[in-house]
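Structural characterization, general
Here is what each chain is made of, one letter per residue.
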Amino acid sequence: MTASILSPPLPWMLVEKLLEKLVERLLDQLLPPLRPFDHNLPGPLPQPIGREQELQWLRAQLSPVSPSTVCALIGPGGVGKTYLALAIAHEHLRRAGSRWERLRDRFRRPPWGFFDAIVFISAQGVRLSSTGMRSRRALSELSEITAEIARTLGEQELLAKSPSEREDSLIQVMTRRRVLLILDGLENMSSEVLEFLHQIPTPSRALVTSRRRPNNWPTLELKVLDAKSTRDLIHREANARGIPLEPEDVEALAKAAQGLPLVIVLSIARLQQGASLRRLLDEMQQGQGDIAAYVVGQSIEALRRDKEDAYRVFQALALFDFNTGAHREALGKTSGLDPVRRDQGLMHLVAWSLCAHDRREDRFRFIHPLVYARAVQALEQDPEASSFRERWLSWYQERLAERPQNIPLLRLERVNLVQVLAFLKQTERMEALARTLWESHILLNEGPVEPYLDALRVLLHWALDHHQGDLLYGLTWQTIVRGGPKWEQEFREQWWGPLYSLLKENEQTAIQAEILQRRMAYREAQRKHITREEAYERMRGALQLLNPDRSDVEAEWAISFC
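Residues numbered from 1 in each chain as written. Predicted model: local features only at pLDDT ≥ 70, side-chain atom pairs only at ≥ 80, totals over all residues. Heavy atoms only, no water.

Notes on the pairing of strand 7 (residues 205–210)
Along strand 7, six of the six residues are buried, which leaves the element largely enclosed by surrounding structure. Burial of the side chains of strand 7 extends over both faces: Arg205, Leu207 and Thr209 are buried on one face and Ala206, Val208 and Ser210 on the other. Sheet analysis places strand 2 (residues 70–74) next to strand 7, joined by five bridges and oriented parallel. Of the residues in strand 7, the one forming a bridge with Ile74 is Ser210. Relative to strand 7, strand 6 (residues 179–184) runs parallel, the two sharing five bridges. Bridge pairing in strand 7 links Leu180 to Arg205. With helix 7 (residues 191–198) bridging strand 6 and the parallel strand 7, this β-α-β connection has right-handed handedness. (Buried < 20%, exposed > 50% of the residue type's maximum accessible area, 1.4 Å probe, protein only. Helix = DSSP H or I, 4+ residues; strand = E, 2+ residues; numbered from the N terminus. Pairing = 2+ DSSP bridges. Right-handed = clockwise from strand over helix to strand, strands pointing away.)

What to know about the pattern of salt bridges
The final tally for this structure, using the stated rule, is 26 salt bridges. Residue Asp309 pairs with Arg341 through a salt bridge whose shortest N-O separation is 2.7 Å. With Asp309 in helix 13 (residues 308–317) and Arg341 in helix 15 (residues 339–351), this residue pair connects regions lying 32 residues apart in the sequence. For the salt bridge of Glu402 with Arg399, the shortest nitrogen-to-oxygen distance reads 2.8 Å. Look at Glu402 and you get partly exposed, because its relative accessible area is 36%. Each of Arg328, Arg342, Asp343 and Asp362 takes part in a single network of salt bridges with overlapping partners. (Salt bridge = Lys/Arg side-chain N within 4 Å of Asp/Glu carboxyl O.)

Some words on a negative patch on the surface
Residues Glu141, Glu144, Glu192 and Glu195 make up a contiguous surface patch of negative charge. Secondary-structure assignment places Glu141 in the loop between strand 5 (132–135) and helix 5 (142–153). (Patch = residues over 30% accessible without salt bridge, like charges linked within 9 Å, V, L, I, M, F, W, Y side chains within 5 Å. Areas by Shrake-Rupley, 256 points an atom, 1.4 Å probe, with all protein chains shown as cover. Lys, Arg positive; Asp, Glu negative; His and termini not counted. Charge placed at Lys NZ, Arg CZ, Asp CG, Glu CD.)

A word on the sheet that holds strand 10 (residues 355–358)
With antiparallel pairing, three strands are arranged side by side in an open sheet as 9-11-10. Each having just a single partner strand, strand 9 (326–327) and strand 10 make up the two edges of the open sheet. Sheet topology places strand 10 next to strand 11 (residues 363–366); four bridges connect them, and they run antiparallel. Following the sheet pairing, Asp358 is matched in strand 11 by Arg363.

Some words on the nonpolar core
Counting residues in hydrophobic clusters, the biggest one holds 120 residues, and the most contacted among them are Met284, Phe314, Leu331, Leu437 and Leu459. Discounting residues that sit within four places of it in the chain, Leu437 has contacts with Leu421, Tyr452, Ala455, Leu456, Leu459, Leu475 and Gln478. By size, the runner-up hydrophobic cluster in this structure holds 30 residues, among which are Ile121, Ile145, Leu170 and Leu183. (Core = buried A, V, L, I, M, F, W, Y, C linked by side-chain atoms within 4.5 Å. Contact = heavy atoms within 4.5 Å.)

Let's talk about the side chain of Ser440
On the secondary structure map, Ser440 appears in the loop between helix 20 (430–439) and helix 21 (442–446). On the accessibility criterion, Ser440 (1% relative accessible area) is buried. Among the polar contacts made by the side chain of Ser440, one reaches the main-chain carbonyl oxygen of Thr436 at a distance of 2.5 Å. Ignoring sequence-local partners within four residues, the contact set of Ser440 consists of Leu400, Leu421 and Tyr452. (Polar contact = N/O pair within 3.5 Å; in protein donor to acceptor, adjacent residues only side chain to side chain.)

Considerations on the packing of aromatic side chains
Within this structure, the stated rule accounts for 10 aromatic pairs. Both rings, one in Phe491 and one in Trp496, keep their centres 6.1 Å apart while their planes meet at 40°; by these two values the pair is tilted. On the accessibility criterion, Phe491 (1% relative accessible area) is buried. On the accessibility criterion, Trp496 (15% relative accessible area) is buried. Taken together, the ring pairs connect Tyr311, Phe314, Phe322, Phe366 and Tyr372 into an aromatic cluster. Sitting above the plane of the Phe115 ring, Arg178 keeps its charged end 4.1 Å from the centroid. (Phe/Tyr/Trp six-rings, centres within 6.5 Å; stacked < 30°, edge-to-face > 60°. Lys NZ or Arg CZ within 6 Å of the ring centre and 35° of its normal.)

Comments concerning the packing of helix 13 against helix 16 (residues 369–380)
Where helix 13 contacts helix 16, the axes come no closer than 8 Å and their chain directions differ by 105°. With respect to helix 16, the element helix 13 is oriented roughly perpendicular. Residues Tyr311, Phe314, Gln315 and Leu317 of helix 13 lie in contact with helix 16, whose contacting residues are Val371, Tyr372, Arg374, Ala375, Ala378 and Leu379. Class assignment of the residues belonging to the contact of helix 13 with helix 16 gives a composition of eight nonpolar, one polar and one charged. (Axes fitted to C-alpha atoms, helices over the stretch in contact; angles between N-to-C directions. Parallel < 35°, antiparallel > 145°, perpendicular 65-115°, else oblique. Nonpolar A, V, L, I, M, F, W, Y, C, P; charged D, E, K, R; others polar.)

A short note on the environment of Asn416
Relative to the helices and strands, Asn416 is located in helix 19 (residues 414–426). Considered as a pair, Asn416 and Leu319 are 97 residues apart in the sequence and their alpha carbons are 8.8 Å apart. If near-sequence neighbours (up to four positions away) are discounted, Asn416 is found in contact with Phe320, Asp321, Thr324, Gly325, Arg363 and Tyr396. A polar side-chain atom of Asn416 sits 2.9 Å from a polar atom in the side chain of Glu413.

Quick look at unusual backbone geometry
Across the junction of Thr202 and Pro203, the peptide omega takes the value 15°, indicating a cis bond. Position of Pro203 relative to the elements: it lies in the loop between helix 7 and strand 7. If you check the backbone angles, Ser353 has positive phi at about 60° while not being a glycine. The residue Ser353 is located in the loop between helix 15 and strand 10 in this model. A positive phi angle, near 55°, is found at Glu428, a position not held by glycine. By secondary structure assignment, the location of Glu428 is in the loop between helix 19 and helix 20.

What about helix 3 (residues 81–96)?
For helix 3, spanning 16 residues, the distance from its first C-alpha to its last is 23 Å, which sits close to the expected 22 Å at 1.5 Å a residue. Counting buried residues along helix 3, 13 of its 16 residues qualify, which places the element largely inside the surrounding structure. (Expected span 1.5 Å × (residues − 1).)

Regarding the sheet that holds strand 2
Pairing is parallel across the open sheet formed by six strands, whose spatial order is 1-3-6-7-2-8. At either end of the open sheet lies a strand with only one pairing partner, and these are strand 1 (38–39) and strand 8 (219–221). Its contacts with the sheet place helix 5 against strand 1, strand 3 (117–122) and strand 6, and it is angled at close to 150° to strand 3. Along the sheet face, helix 7 touches strand 2, strand 6 and strand 7 and points at about 155° away from the line of strand 6.

Functional significance is not addressed by these values, which are geometric in nature.
Written out as structure tokens, the structure is:
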């Protein structure tokens, strides 16, 4: 006898859904379209089971009438904090695009309210170092977090500001717009993040997840699932994967899983791949301490033992940012697998519920920080770890060399490109660092400038110590153009004098001209606004610099001016 599927929806629920769709269509035809909604959420997941009271608590805390702008979910690893945070975020995302929900909310007491944007940020516990990668407690810096908030909100001009100025500006933005900020894994973030959270203004809200209580904000300790919800989740996962389970099997698995959703999901995935229930139960009984971490480890060990190609892709994915993930082609290159073996490996990773696939962007990312940490450990223990890193680096160098045809891809890879710069800086590959800085100035155009400028400072120090000004060709000039006024001042006061003799004559001329041009433009802006005719003449002069016989520096200047 097999376990029955979850109970079907009641007839009145189906009627309500049908009426909702009809009203929604009618309102769509009668009213103008809703404004675009800014967010960076990963794809939606199935509705949480056994968490309705927790969802109601979150709705109340995030509503416009809540007295606190920050609330927290706490609990052990694998209990479902991230899942629940994403669930409430996607609920608000769906409601924001529904006129029916906006109509219903007028009659709710208290109203749930609507957000203008949602920003999801998850801390990672891994950093690259000169000796490789290490899984450790890493601090997610506030400057990185505010840069991601600015990008998601479309406030690109804030990226050129200093971190402190950007923080102040974002507070103003979050006063004008109702933003939901979700910080996942607050215990891995710097103390500055806590200070920033204290400044979150009404009408915006922040939701944080942590393994321990972060402050005196309203906090909900997420408990393990009760017995009924545990069984319901087992049924849902088993039915979705076509796995028949006897009632006694469900009870045994529910008891061993101890109500941890992550343990249940991974265990059902293992059953689908051919593992016996008895073996899974024995493994879980042997686990000590954090059972979720133990079950993750057992799943990965089975992957290493039985699916060699999947394990190689699993190791390769550890080199990429946890939130950003990796493109399919990048994983193939990094793992050293041909397309057929790569795709088979990725299929197994998704089937084992170790990673998720974003079909729209064809990107893959780990489903949980515990899985990510174990992947880093697996890579670091592999004798081929350095080969993985070299192939990873090579893929990015090849993509940068192909610009500008693949600018959309490079935009998606911005966070991973920052990791490439950090790796080259830490391993002191200065020629490669110079080339990568030159080819990745998209980081200056659209992303936070701090990581780029940090790498450039290392290169400038090295060039001065080794009298290698040729590595700086074009870099110093283009950074003045795009690095913002503070960098221009720093360069002029700290770097220009010592570097002058190391630069080629045309580079010296270009920098002098740019500094002079900016001073004149600033003085002119203080006197009056530029006229249409003056702008036309300057544009025509810039376009003349695009003639084929002009230098790359002059052409870059013209493009920047235009």
